[in-house]
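# Breakdown of the fold
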Amino acid sequence: PITGESLFKKNQNKKYLEPKKKWFSSIGFGPSLTNNIKKTKNISANSNTAINFSLYRNYNTNTLVGLNLNGKYQENGRENNLFIHVLSFSYLTFIKNKIQDIFVTVNLGPARSTYNDLLNGKISLQHGYSFMYGIGIPVFLNETILTFGIEYSRLSLKNRTDDYNFIEKNYFIALKGSFLF
């Protein structure tokens, strides 16, 4: 791993988070499966990506807590683009008290979306909060953990009175792969 420390320890063929390692980082991305922009015309040039950057503290042998910056970027050709950013408190725990099992994650925090209508030259901002939960599996690569999972993020955003509502759906679903190091 990047830090040179082991992320996990083995005890009778079971893997546990290394108690001596205090901080963990995570970087991940993957496709977002949800179209959040109203009235898309140029579907063939659509890009829809979910991202996350996390800093976790070791809470116990199977749980991490910390901060997570996650969100998505959606672009529809030269017509419009959308950024959703969520800075949240994050809780990640492995089921059955060992880390080779399924994990569950929950995030809660403030959210912001920025919509840029390139055809009409309009920019719109919305603020609110987001609740995200996900489930996945870990894969062990030497001393690094690669996680694969599905996440559901529910958004509660309010637009200003002079803005128009551009979001079609107040949620997004993403498939993500993340490196935990």
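Residues numbered from 1 in each chain as written. Predicted model: local features only at pLDDT ≥ 70, side-chain atom pairs only at ≥ 80, totals over all residues. Heavy atoms only, no water.

We now examine the overall build of the protein. The secondary structure content of the protein amounts to zero helices and 10 strands. Counting from the amino terminus, helix and strand elements in the protein follow one another as β-β-β-β-β-β-β-β-β-β. Across the 181 residues of the protein, 45% fall into the buried class. Intrachain contacts of the protein at a sequence separation of at least 6 include 60% that bridge at least 24 residues. Accessible area of the protein: about 9,800 Å², with a carbon and sulfur share of 58%. (Helix = DSSP H or I, 4+ residues; strand = E, 2+ residues; numbered from the N terminus. Buried < 20%, exposed > 50% of the residue type's maximum accessible area, 1.4 Å probe, protein only. Contact = heavy atoms within 4.5 Å. Areas by Shrake-Rupley, 256 points an atom, 1.4 Å probe, with all protein chains shown as cover.)

To continue, consider the pairing of strand 8 (residues 122-141). Along any regular strand the residues' side chains alternate between the sheet's two faces. Here strand 7 (residues 103-117) runs beside strand 8; their pairing, made up of 15 bridges, is antiparallel. Along strand 8, the bridge assignment pairs R112 with H127. Between strand 7 and strand 8, which pair antiparallel and follow one another directly, the connecting turn spans four residues, one of which, G121, has a positive phi of 70°. Pairing geometry for strand 8 and strand 9 (residues 144-159), over 16 bridges, is antiparallel. Counted as the bridge partner of G128 is L157 from strand 9. Linkage of strand 8 to strand 9, two consecutive antiparallel strands, is achieved through a turn of two residues, within which N142 is found at a positive phi near 50°. (Pairing = 2+ DSSP bridges.)

With that out of the way, let us pick up the nonpolar core. Counting residues in each nonpolar core, the largest one holds 11 residues, listed as I37, L82, I84, V86, A111, Y115, L155, L157, F166, I167 and F172. When residues of this core are assigned to their parent elements, the largest contribution, three residues, is made by strand 6 (residues 80-94). With near-sequence residues (within four places) excluded, L157 lies in contact with A111, S113, Q126, H127, G128 and I167. Judged by nonpolar contacts, the second largest core, of eight residues, contains L64, F94, F103 and I145. (Core = buried A, V, L, I, M, F, W, Y, C linked by side-chain atoms within 4.5 Å.)

Further remarks concern the environment of R112. For R112, the position within the fold is in strand 7. Exposure remark for R112: the relative accessible area of 38% places this residue in the partly exposed category. Between the C-alpha atom of R112 and that of G71, which follows or precedes it by 41 residues, the distance is 9.3 Å. Apart from the residues lying within four places of it in its own chain, the contact partners of R112 are F83, I84, H85, L125, Q126 and H127.

Within the structure shown, the criterion is met by five aromatic pairs. Ring centres of F131 and Y133 lie 5.7 Å apart, and the angle between their planes is 50°; this geometry places the pair in the tilted category. For Y133, a relative accessible area of 42% corresponds to the partly exposed category. Relative to Y152, the ring of Y133 has its centre 5.6 Å away and its plane inclined at 50°; by these criteria the two rings are tilted. Residue Y133 is found in strand 8, and its partner Y152 is found in strand 9; the two are separated by 19 residues along the sequence. (Phe/Tyr/Trp six-rings, centres within 6.5 Å; stacked < 30°, edge-to-face > 60°.)

Spatial ordering of the closed barrel is given by 3-4-5-6-7-8-9-10, a layout of eight strands whose pairing is antiparallel. Along the sheet, successive strands turn relative to each other by an average axial angle of 25°, direction set aside. (Axes fitted to C-alpha atoms, helices over the stretch in contact; angles between N-to-C directions.)

Structurally, N116 can be placed in strand 7. Residues N116 and E75 lie 41 residues apart in sequence; the distance between their C-alpha atoms is 9.5 Å. The contacts of N116, once residues within four sequence positions are left out, are E79, N80, N81, K122 and I123.

On their own, these measurements won't tell you what the molecule is for.
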